[in-house]
Amino acid sequence: MSSSTVTARRISAAALAAAAVIGVSALPASAADHSRPQRPQVEISAVQYDAPGHNDRSQRSLNKEWVELTNTTRHTVNLDGWTLRNKEGRTYTFHHYRLEGRATVRVHTGQGRDTDRDLYQDRRNEVWDNRADTATLRNDHGRFVDDESWGGRHHRPGNRH
C-alpha cells in the first residue's frame, strides 16, 4: 500500500471518530439523561405546625400537629434511616418504612399505631414551633432532600431549597 492510501485511511478514521464524538455531545439533554435511573423524589408536601383547637399536649392535640411527605414518582422509596428534623434538632428517624409511589404519609407528633399512611413520633410535647420553624428532610446518608419553613422575618411562603 502506498503511503498516500494509508494517510487517507487515517484521515478518514480520524474524521469518523470526531463525527461520533460531536454527534454524542450534540444529543439533547433529555435523550442523554434518559438512560440514567431517576433519583427518588420525596418532598414535604404539607405541614400542620399549629394544631387546631386547644393545645393541651393531649395525644389528640399532639396528633393534630404533623408533616406530610409525598413520593412524586411511581416507584416505592425506602425511607429507612431518613430523618425529619426541626431547627432545634428534635429528630424523627424512619424505621423499616417504604413510601409507595404517588403516595403520601402523615408523620404525627404524638403517639399512635403506625400504618401505611400515618406514622407517629411518640412524643409527649409539641415539636414544631407555631411562630417560626423549619422541617428538614434528609436521606439515610444525611443528604438534604427537602425543607419547609414558616414564620420568622426571612419567611417566604412556599420556600423550597
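Rules used in this analysis
- Residues numbered from 1 in each chain as written.
- Predicted model: local features only at pLDDT ≥ 70, side-chain atom pairs only at ≥ 80, totals over all residues.
- Heavy atoms only, no water.
- Helix = DSSP H or I, 4+ residues; strand = E, 2+ residues; numbered from the N terminus.
- Buried < 20%, exposed > 50% of the residue type's maximum accessible area, 1.4 Å probe, protein only.
- Salt bridge = Lys/Arg side-chain N within 4 Å of Asp/Glu carboxyl O.
- Phe/Tyr/Trp six-rings, centres within 6.5 Å; stacked < 30°, edge-to-face > 60°.

Undergrad: Please explain unusual backbone geometry as it appears in this structure.
TA: Leaving glycine aside, a negative phi is the common case for residues, and trans is the common case for peptide bonds. Within the chain, R57 stands out as a residue other than glycine whose phi angle is a positive 65 degrees. Position of R57 relative to the elements: it lies in the loop between β1 (42-48) and α3 (59-62). The phi angle at D122 is positive, at roughly 60 degrees, despite the residue not being glycine. According to the relative accessible area criterion, D122 is partly exposed, its value standing at 46%.

Undergrad: Looking at this structure, I do not really get the pattern of salt bridges. What am I missing?
TA: Working definition: two side chains of opposite charge can pair if their charged atoms are close together. For the structure on display, the rule yields four salt bridges. Here R57 makes a salt bridge to E126, at a shortest N to O gap of 3.4 Å. Taken together, the positions of R57 in the loop between β1 and α3 and E126 in the loop between β8 (118-120) and β9 (133-138) put the pair 69 residues apart, joining distant regions of the chain. Residue class for E126 comes out partly exposed when judged on its relative accessible area of 25%. The closest approach of N and O atoms between E88 and R90, which form a salt bridge, is 3.0 Å. Residue R90 is classed as partly exposed on the basis of its relative accessible area of 33%.

Undergrad: In this structure, what is going on with the packing of aromatic side chains? I would like to understand it.
TA: Working definition: an aromatic ring pair is given by the centre-to-centre distance plus the angle between the planes. Per the counting criterion, the structure on display carries three aromatic pairs. Centroid distance Y49 to W150: 4.5 Å. Interplanar angle 5 degrees. Geometry classified as stacked. Highlighted residues: Y49 in the loop between β1 and α3 and W150 in strand β10 (residues 144-150), separated in sequence by 101 residues. According to the relative accessible area criterion, Y49 is partly exposed, its value standing at 27%. For W150, a relative accessible area of 5% puts it in the buried group. Summarising the aromatic geometry, the rings of W128 and W150 are spaced 6.1 Å apart at their centres and angled 70 degrees between planes, so their arrangement reads as edge-to-face. One end of the pair, W128, is in the loop between β8 and β9; the other, W150, is in strand β10, with 22 residues separating them in the sequence. Pair check on accessibility: W128 and W150 agree, each one buried.

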